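Residue-level structural notes
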Amino acid sequence: MDEELHERIRHVVASIPPGRVSTYGDVAAVAGASTPRLVGRVLREDGHDLPWHRVLRADGTPAPHLRREQLERLRAEGVLADRQRVDMRTYRWLPAEPES
């Protein structure tokens with residue numbers, strides 16, 4: 001992955017406002033990444049300073065190994081989960097236009 005794509009992914013994740021969530025696929029599409037897995041890779045390797053907890057799977061669930069902490073962080077921002085799933089129709093965020 002080139003540095004420019006890496007930074008675009010970081011920028012999109014940083015843009016997700018408190019109280020809202022996005023999916024790995026949404027972030028990948030806006031950043032121009034070929035696959036949502038690249039978003040996960042950036043967050044895993046270089047996402048400690050980002051609101052990583054606002055990025056969920058497409059079905060509104062967190063990754064199993066992050067579930068507890070991620071849902072606690074989201075709850076603190078007013079994002080509620082029902083049976084460990086966030087209602088994407090209520091909380092999903094998409095930027096107005098793709099990044100260039």
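Here, every reference points to the structure presented above.
What counts, and at which threshold
Per-chain numbering applies: the sequence of each chain, read as written, is numbered from 1 onward. Totals for whole chains, interfaces and linings use all residues, but because this is a predicted model, local features are given only for residues with pLDDT of at least 70 and pairs of side-chain atoms are given and counted only at 80 or more. No hydrogens and no water enter the side-chain calculation; it runs on all heavy atoms of the structure. To get an axis, a line is fitted to the C-alpha atoms, and for a helix only the part in contact is used. The angle between two axes follows their N-to-C directions and goes from 0 to 180 degrees. Going along the chain from the N terminus, every DSSP run of H or I of four or more residues is numbered as a helix, and every run of E of two or more is numbered as a strand. Comment on the angle field: the value is read as roughly parallel under 35 degrees, roughly antiparallel over 145, roughly perpendicular from 65 to 115, and oblique elsewhere. Any pair of residues with heavy atoms lying within 4.5 Å of one another is described as a contacting pair. Put simply, Ala, Val, Leu, Ile, Met, Phe, Trp, Tyr, Cys and Pro go in the nonpolar bin, Asp, Glu, Lys and Arg in the charged bin, and everything else, Gly too, in the polar bin. By the criterion applied in these results, polar contacts are pairs of N or O atoms within 3.5 Å in which, for protein atoms, one can donate a hydrogen and the other can accept it, and in which residues neighboring in sequence qualify only through two side-chain atoms. Burial classification: accessible surface area is computed with a 1.4 Å probe over protein chains only, and a residue below 20% of its type maximum counts as buried, one above 50% as exposed, and the rest as partly exposed.

To continue, consider the packing of helix α2 (residues 24–31) against helix α3 (residues 36–46). When two helices pack together, their arrangement is given by the angle between the helix axes and the distance between those axes. Running from amino to carboxyl end, α2 crosses α3 at an angle of 100°, the nearest separation of the two axes being 7 Å. As summarised for this structure, α2 and α3 are arranged roughly perpendicular, according to the angle between their axes. Residues Y24, G25, V27 and A28 of α2 pack against P36, V39, G40 and L43 of α3.

The interhelical angle for the contact between helix α1 (residues 3–15) and α3, taken along N-to-C directions, is 85°, at an axis separation of 10 Å. By the angle between their axes, α1 is roughly perpendicular relative to α3. Of the residues in α3, those touching α1 at L5, H6, I9, R10 and V13 are L38, V39, V42, L43 and D46. When its residues are assigned to classes, the contact of α1 with α3 shows seven nonpolar, one polar and two charged.

Along the polypeptide, S22 turns up in strand β1 (residues 22–23). At a separation of 3.4 Å, a polar atom in the side chain of S22 contacts the side chain of D26. Non-local contacts of S22, meaning those with residues more than four positions away in its chain, are made with I16, V27, R54, V55, L56, M88 and W93.

Within the element layout of this structure, D82 appears in strand β3 (residues 81–82). A relative accessible area of 59% means that D82 is categorised as exposed. In this structure the C-alpha to C-alpha distance between D82 and G60, which are 22 residues apart in sequence, comes to 9.9 Å.

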